[in-house]
Amino acid sequence: MGKTKNRHKALGLSDEQVLEMYETMLLARRIDERMWLLNRAGKIPFVISCQGQEAAQVGASFALDREKDYALPYYRDMGVVLAFGMTAKELMLSAFAKAEDPNSGGRQMPGHFGQKKNRIVTGSSPVTTQVPHAVGIALAGKMENKDLCTFVTFGEGSSNQGDFHEGANFAGVHKLPVIFMCENNKYAISVPIEKQLACEKVSDRAIGYGMPGVTVDGNDPLAVYQAVKEAADRGRKGEGPTLVETVSYRLTPHSSDDDDRSYRDREEVAAAKEKDSIITFAAYLKEIGIFDDEKEKEMNDRIMKIVNEATDYAENAPYADAEDALKYVYAE
Ligand SMILES: Cc1ncc(C[n+]2csc(CCOP(=O)(O)OP(=O)(O)O)c2C)c(N)n1
Ligand SMILES: [Mg+2]
């Protein structure tokens, strides 16, 4: 028990930091839930959820140097981009495709995160294209003697793409400071994990590229924090890349355009919900005595105010001018 109690302290995290971690996870969840309501009300066109992956996303981000490191997230990474400094308002502007959306000025689908000031590198719709980009940025950092790591995420289905293998091999050969994090949520749209990989774990692939590979509980932000911290330390010491696999479960359908009842049964989803980090990490914080029902309500009220304000702001914000479609293609 004593050991359990001090889990975050043993990792060098303060009470304030783990509460902030939880608050970031909860903010991601509440924004995501609001987006589904807005979608079903016909107000926003599309949602692709972070639900079930917040612990992995936030736990990992807190282990990075968020002043120096580069994040190359994939579409579910709301927890990553919030931790790197994107705001709820900015995410809502993207969901409503408004001109002020910092990700793309409303041009890209939601989930195509990109924000220069926070070193969030924009991604493309073909999955896994962000992996070679992360490797390239790490190579540039190494050539310029910069103290930086690049952090790139992708789904387990996407770990079958050539881009993953080419990027991992190059980073392994050149010992680049890249943290490859596979967010294994057990499905690639309707395809279950057993039909995606012939090996047991995604992390088994690391050995082929000369890097360590670890699999951790993606519902446990502290386990993910520890794995990513070790990976970042290795990267900074010039020891090369690491592959971290976080195992959790996609709690929603693939996107707002998918109906998962056609390929997975409700019992399976219900069982996964019992391991939901939003519940289990709150229980940990309560167990160690730094959180209680009253503080939880305060936190939730504070977050709902942010979500409501972000929604109202984005809904009322103007769309881009039609001529803006001509911008950013050629240098001006
Ligand atoms: C190269 C490419 N092939 C197919 C698609 C269509 N697609 C979008 S998401 C997705 C599933 C990806 O699954 P996974 O990598 O496990 O990520 P998850 O959505 O489960 O987080 C597919 C096939 C795509 N965007 N790009
Ligand atoms: Mg998946």
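In this text the structure is predicted, and so the values were computed from the model without any measurement. (Residues numbered from 1 in each chain as written. Chains lettered and ligands numbered in written order. Predicted model: local features only at pLDDT ≥ 70, side-chain atom pairs only at ≥ 80, totals over all residues. Heavy atoms only, no water.)

Engineer: How do you make sense of the side chain of Q130 when you look at a structure like this?
Structural biologist: Relative to the assigned elements, Q130 resides in helix α7 (residues 130-143). On the basis of relative accessibility, which here comes to 6%, the residue Q130 falls in the buried class. In this view, Q130 contacts L72, P73, Y74, V152, T153 and F154; residues no more than four positions away in its chain are not counted. (Helix = DSSP H or I, 4+ residues; strand = E, 2+ residues; numbered from the N terminus. Buried < 20%, exposed > 50% of the residue type's maximum accessible area, 1.4 Å probe, protein only. Contact = heavy atoms within 4.5 Å.)

Engineer: Hey, could you run me through helix α9 (residues 221-236) in this one?
Structural biologist: Over its 16 residues, α9 extends 22 Å from the first C-alpha to the last, a length consistent with the 22 Å expected when each residue adds 1.5 Å. Considered for burial, the residues of α9 that qualify are P221, L222, A223, V224, Y225, A227, V228, A231, A232, R234 and G235. Positioned one or two residues after α9, G238 has a phi angle of 80 degrees, which is positive. (Expected span 1.5 Å × (residues − 1).)

Engineer: Honestly, the coordination of the magnesium ion (ligand 2) in this entry has me stumped. Any pointers?
Structural biologist: Donor atoms from the polypeptide that bind the magnesium ion (ligand 2) are E156 (OE), E156 (OE), N185 (OD1) and Y187 (O), placed at 2.1 to 2.5 Å. Classification of the site at the magnesium ion (ligand 2) as irregular follows from its 6 donor atoms and the range of 53 to 173 degrees in their angles at the metal. (Donors = N, O, S within 2.8 Å, 3.2 Å for Na, K, Ca; no water. Tetrahedral: all angles 85-135°; square planar, octahedral: opposite > 155°, others 65-115°.)

Engineer: What am I meant to see in the site of ligand 1 here?
Structural biologist: Inspection of the region around ligand 1 gives 16 residues, with Y74, Y75, R76, S158 and Y187 positioned closest. A distance of 3.1 Å is found between an oxygen atom of ligand 1 and a side-chain nitrogen or oxygen belonging to E156. Measuring from an oxygen atom of ligand 1, one finds a backbone N or O atom of G157 at 3.0 Å. Taking a 2 Å distance to the grid points as the criterion, the majority of the atoms of ligand 1 fall inside the largest pocket. Here the residues of the shell around ligand 1 sort into 7 nonpolar, 7 polar and 2 charged. (Near = heavy atom within 4 Å. Polar contact = N/O pair within 3.5 Å; in protein donor to acceptor, adjacent residues only side chain to side chain. 1 Å grid on protein atoms, 1.4 Å probe; cavity = no way out; pocket = protein on both sides within 12 Å on 5 of 7 lines; lining within 4 Å. Sits in = over half its atoms within 2 Å of the grid points. Nonpolar A, V, L, I, M, F, W, Y, C, P; charged D, E, K, R; others polar.)

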